[in-house]
Amino acid sequence: MPHATAPPATGHRPRWWTELPLIAVVYALYSVGRLLVRGDVSTAVDHGLAILRLEQALYLNAEHPLNRLFTSTPSIGIPADFAYASLHYLVTPAVLIWMFRRRSAAYRAARVWLMNSTLLGLVGFTLMPTCPPRLLDAGHGFVDTMAQYSAYGWWGEGASAPRGLSGMTNQYAAMPSLHVGWSLWCGILLWRHGRHPLVRAAGIAYPLITTVIVMGTANHYFLDAVAGAAVMGLGALLVRPVMRTADRFKVWGAARFTGPVAVLFAGRSGGGRSPVAGSVSATVPPNVSTGCKTSPGERIPGQRTTSADPPGTVVGGTAARDEADAAASDDAPAAAR
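Cut-offs applied
- Residues numbered from 1 in each chain as written.
- Predicted model: local features only at pLDDT ≥ 70, side-chain atom pairs only at ≥ 80, totals over all residues.
- Heavy atoms only, no water.
- Helix = DSSP H or I, 4+ residues; strand = E, 2+ residues; numbered from the N terminus.
- Buried < 20%, exposed > 50% of the residue type's maximum accessible area, 1.4 Å probe, protein only.
- Contact = heavy atoms within 4.5 Å.
- Lys, Arg positive; Asp, Glu negative; His and termini not counted.
- Salt bridge = Lys/Arg side-chain N within 4 Å of Asp/Glu carboxyl O.
- Polar contact = N/O pair within 3.5 Å; in protein donor to acceptor, adjacent residues only side chain to side chain.
- Core = buried A, V, L, I, M, F, W, Y, C linked by side-chain atoms within 4.5 Å.
- Phe/Tyr/Trp six-rings, centres within 6.5 Å; stacked < 30°, edge-to-face > 60°.
- Lys NZ or Arg CZ within 6 Å of the ring centre and 35° of its normal.

**Q** What should I look at first to understand the overall build of the chain in this one?
**A** Along the backbone of the chain there are 14 helices and 0 strands. Reading the chain from its N end, one meets helices and strands in the order α-α-α-α-α-α-α-α-α-α-α-α-α-α. Per-residue burial for the chain yields a buried fraction of 40% across its 337 residues. Counting contacts in the chain only where the partners sit at least 6 residues apart, residues at least 24 apart contribute 78% of the total.

Take a look at the structure:
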């Protein structure tokens with residue numbers, strides 16, 4: 001995803017006291033919006049069954065064998081449930097903090113990419129509420145492993161939501177799967193910016209394992225996972241336009257506000273100087289003469305001469321040497337010799 005991880009044009013080092021509120025506001029909007037876009041249950045069930053029939057027609061129905069494996073093998077099903085309920089809350093912020101601290105040049109683009117894709121996922125929940133496999137009628141052959149192994153964890157009927165708080169989550173927001181989308185975001189960043197082979201290997205393994213887990217626990221269909229990857233791709237394509245729009249907004253705000261408010265718009269470079277002032281000082285050489293020039297033969301005060309040079313000649317001065325040679329020539333007036 002070259003567009004999503006390209007360094008920002010401004011080169012500003014991000015500041016945590018502005019990043020944290022921004023991320024918190026966007027996640028709060030996403031969480032509240034996810035609750036508000038609950039669709040009709042019957043419509044969500046119809047969408048889920050339509051996806052299941054399409055997968056069966058395309059011979060893509062990997063959910064049933066994986067779900068039977070997770071259900072019959074607690075040593076696989078229980079860790080998978082823990083991973084589903086927790087990893088997206090732990091790994092995604094950890095990668096974001098790692099980018100902030102170690103890869104600051106690419107951090108802003110990565111953060112914008114994540115936010116774009118998350119908000120696009122909210123659009124998907126709104127347009128297509130989808131019942132996950134675990135909430136379909138038992139006759140369709142799925143077992144809710146989260147309910148089966150709920151005694152081992154903190155979750156209850158609301159999948160990854162803590163027990164008793166299932167009403168605080170939208171259980172019909174299965175399309176697209178942001179579990180898969182966020183894990184793909186983490187994987188690409190670990191692969192592109194990780195230096196150790198184990199880090200890069202984790203970047204490959206994490207989204208693949210997450211895809212298997214969301215299907216085996218009957219929380220998502222395979223096409224939900226595909227949609228999650230597609231949302232991340234679209235979010236990556238929107239990174240540059242969103243960053244350009246944000247930069248224009250900063251310029252607009254800096255031109256119309258003064259004092260502390262203007263700092264929020266203008267931003268600072270890593271050394272605490274204005275990026276505009278820094279670029280000017282780096283490209284325009286200082287004018288030390290302030291417009292003053294010396295006349296031919298005039299010696300600059302404080303400069304030394306050598307005994308080999310005629311009086312008034314600056315050491316190493318080309319113009320002074322030429323003038324001395326002319327004075328010594330036969331054609332020169334006697335006063336000059």
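On we go from here.
**Q** Looking at this structure, I do not really get the side chain of E55. What am I missing?
**A** In this structure, E55 sits in helix α3 (residues 41-57). No salt bridge is formed by the buried E55, whose closest oppositely charged neighbour, R53, lies at an N-O distance of 12 Å. Here the side chain of E55 touches L223 through a polar contact of 2.8 Å, landing on its backbone nitrogen. With residues up to four places along the chain from it excluded, the contact list for E55 reads L60, N61, E63, Y221, F222 and L223.

**Q** Explanation requested: unusual backbone geometry in the structure shown.
**A** Peptide bonds are, in most cases, trans, and in most cases residues other than glycine have a negative phi. A cis geometry characterises the amide bond from M175 onward to P176, with omega recorded as 0°. Mapped onto the elements, P176 comes out in the loop between α7 (145-148) and α8 (178-193). Its identity as a non-glycine residue notwithstanding, Y59 has a phi of 55°, on the positive side. Assignment of secondary structure puts Y59 in the loop between α3 and α4 (63-72). Overall, the relative accessible area of 78% leaves Y59 in the exposed class.

**Q** Would you mind going over the pattern of salt bridges with me for this structure?
**A** Where side chains of opposite charge bring their charged atoms close, a pairing between them can arise. The tally for this structure, following the rule as stated, stands at 3 salt bridges. R111 is paired through a salt bridge with E19; the nearest N and O atoms lie 2.9 Å apart. You can see R111 sitting in helix α6 (residues 104-127) and its partner E19 sitting in helix α2 (residues 16-36), a full 92 residues away along the chain. Of the two residues, R111 and E19, neither departs from the other in class, the shared state being buried. R134 is the partner of D144 in a salt bridge, and the nearest nitrogen-oxygen pair spans 3.2 Å.

**Q** Please clarify how the nonpolar core should be interpreted in this entry.
**A** For soluble globular proteins, nonpolar side chains are generally found buried alongside one another. Ranked by size, the top nonpolar core spans 27 residues in total, and within it V95, M99, W113, W185 and L189 carry the most contacts. For this core, the secondary-structure elements that each account for two or more residues are α5 (74-102), α6, α8, α10 (222-237) and α11 (239-256). Among the elements that make up this core, the one with the highest residue count is α6 (9 residues). The next biggest cluster of nonpolar side chains, apart from the first, holds 13 residues, and it includes A80, A85, W155 and M215.

**Q** Looking at this model, I keep getting lost on the environment of Y27. Mind explaining?
**A** Of note, Y27 is situated in helix α2. It is 8.5 Å that separates the C-alpha atoms of Y27 and T118, two residues lying 91 residues apart in sequence. Not counting the four nearest positions on each side in its chain, Y27 is found in contact with Y89 and W182.

**Q** What exactly am I supposed to notice about the packing of aromatic side chains here?
**A** Where two aromatic rings form a pair, the distance of their centres and the angle of their planes describe that pair. Applying the stated rule across the entire model yields 4 aromatic pairs. Seen from their ring centres, F82 and W154 are 5.6 Å apart, and the 70° between their planes marks the pair as edge-to-face. Placement of F82 in helix α5 and of W154 in the loop between α7 and α8 is noted, with a sequence separation of 72 residues between them. On the numbers, 5.7 Å between centres and 20° between planes, the contact of F249 with W252 is stacked. In this pair, F249 and W252 both sit in helix α11, 3 residues apart, roughly one turn of the helix. For F249, a relative accessible area of 47% puts it in the partly exposed group. For the cation-ring pair, R200 lies above W191, with the distance from its terminal atom to the ring centre recorded as 3.8 Å.

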